[in-house]
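Structure at a glance
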Amino acid sequence: MTVLEALAPGKVNLCLFVGEPRADGYHPLVSVFQAVSLADELRLEPAGPGTGADEVVCAGVAGPNLASAALAAYRAASGWEGPPVRLTIVKRVPVAAGMGGGSADAAAALRLAAEAAGRPGDPLLAELAPALGADVPFALAGGRALVTGIGEHVEPLPAGGPAARVLVPSAPALRTPAVYREADRLGTPRAPQALAAAEVDLRAGAIPPVNDLQAAARSLCPAIDAVLEAVLRAGAGSALVSGSGPTVFGAFDDPERADAAAAGLPGALVVRPVGAA
């Protein structure tokens, strides 16, 4: 097996409407996802001598890794019996930041596993993605998409909108389940009729800077408020929390203005939209 490499782009939610929880506890959503140029770097290669199982190495990130689950799922579903592999992940996308970094790693791991098995573009990947995580189906597709259901329905959209976005990560990690629980406590999820109306508007081309999880993220991480204000003062056309947060991003039509704004915001970086995987 040759050494294989892939990028796993993070994402921002250009808008995010969240519905009331279903009977199974999951919240339906209507959102426009955009993959961005900030990406993790993945490398798949043969495991070291004497290694009896696949291993995932991701420095600085503790706990279970979705990429490991992706490798195991592909082996089990495809019957691929290639020798053990080592997957090394260099993290660039902040962890637990509302940018789908773990899901992007899982999607990239699926693609690499299929390539290693001699089945690049294996249709099986799309079948496995939803069970790995709500954002994995989008991460597998990439680009810009209308995402509905609990993330399993991904409809590609044409590129467009601001040329650059300024990201401002925050130090506190926000776990997605906790943010959804807080949103339920605050009463922000939408009734089914309101969620359906939002989907109609998005299909018509309107993408308002709305995030139904933003109030919950701000409640759990009050420091977000100052970041939102600072991004707007820096000249952004809009400022929004991405996903469950706490990352904030501002939209800029002019890349040079984005660069200047990022230079004045501690920890900020400029990202651009990227196309489909």
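The structure reproduced in this document is the subject of the present report. Please read these numbers as outputs of a predicted model, since none were measured by experiment.

In terms of helices and strands, the chain carries 9 helices and 10 strands. Taken over the C-alpha trace, the chain has a radius of gyration of 19 Å; the compact-globule value for 277 residues is 19 Å, and the two agree within 12%. Its C-alpha atoms give the chain principal-axis dimensions of about 55 × 45 × 35 Å. Burial status across the chain gives 48% buried among its 277 residues. Looking at the chain alone, contacts between residues at least 24 apart form 74% of all its contacts between residues at least 6 apart. Element-wise, carbon and sulfur atoms account for 56% of the exposed surface of the chain, whose accessible area totals about 12200 Å². Separation of charge centres in the chain, based on 20 positive and 27 negative side chains, amounts to 3 Å.

Geometrically, the link from Gly245 to Pro246 is a cis peptide bond, its omega value of 5° lying close to zero. The residue Ala96 is not glycine, and still its phi comes out positive at about 50°. Tracing the backbone shows Ala96 in the loop between strand S4 (85-90) and helix H2 (101-116). Of the residues examined, Ala96 reaches a relative accessible area of 19% and is grouped as buried.

This brings us to the pattern of salt bridges. For the structure shown, the criterion picks out 14 salt bridges. Note that Glu155 and Arg203 form a salt bridge whose closest N and O atoms lie 2.6 Å from each other. Of the two residues, Glu155 is situated in strand S6 (residues 153-156) and Arg203 in helix H6 (residues 192-203); the sequence distance between them amounts to 48 residues. With a relative accessible area of 34%, Glu155 lands in the partly exposed category. The salt bridge partner of Asp225 is Arg218, with a shortest N-O separation of 2.5 Å. Exposure remark for Asp225: the relative accessible area of 26% places this residue in the partly exposed category. Given a relative accessible area of 35%, Arg218 falls into the partly exposed group. A cluster of three or more residues bridged by salt bridges with shared partners is formed by Glu5, Arg43 and Glu45.

Here we take up the environment of Pro209. Mapped onto the elements of the fold, Pro209 is located in the loop between H6 and helix H7 (214-220). Sequence-wise, Pro209 and Pro64 are 145 residues apart; in three dimensions their C-alpha atoms are separated by 33 Å. Residues contacting Pro209, with those up to four places away along its chain left out, are Leu14, Ser238 and Leu240.

So, on to the environment of Pro156. Relative to the helices and strands, Pro156 is located in strand S6. Classification of Pro156 as exposed rests on a relative accessible area of 66%. Between the alpha carbons of Pro156 and Leu146 there is a distance of 6.4 Å; along the sequence they are 10 residues apart. Among all residues touching Pro156, those that are not within four sequence positions of it are Arg144 and Ala145.

An order of S8-S9-S7-S10 is seen for the 4 strands of this open sheet, with the pairing classed as antiparallel. Only two strands of the sheet have a single neighbouring strand rather than two, namely strand S8 (239-241) and strand S10 (269-271). Recorded for the sheet is a direction-independent mean angle of 30° between the axes of neighbouring strands. Strand direction decides the pairing type here: strand S7 (residues 164-168) and strand S9 (residues 248-252), joined by 5 bridges, are antiparallel. By the bridge assignment for S9, Arg165 is matched with Ala251. Contacting S7, S9 and S10, helix H9 (residues 255-263) crosses the sheet at an angle of about 15° to S7.

Cut-offs used in this document
Residues numbered from 1 in each chain as written. Predicted model: local features only at pLDDT ≥ 70, side-chain atom pairs only at ≥ 80, totals over all residues. Heavy atoms only, no water. Helix = DSSP H or I, 4+ residues; strand = E, 2+ residues; numbered from the N terminus. Rg over C-alpha atoms; globule rule 2.2 N^0.38 Å. Buried < 20%, exposed > 50% of the residue type's maximum accessible area, 1.4 Å probe, protein only. Contact = heavy atoms within 4.5 Å. Areas by Shrake-Rupley, 256 points an atom, 1.4 Å probe, with all protein chains shown as cover. Lys, Arg positive; Asp, Glu negative; His and termini not counted. Charge placed at Lys NZ, Arg CZ, Asp CG, Glu CD. Salt bridge = Lys/Arg side-chain N within 4 Å of Asp/Glu carboxyl O. Pairing = 2+ DSSP bridges. Axes fitted to C-alpha atoms, helices over the stretch in contact; angles between N-to-C directions.

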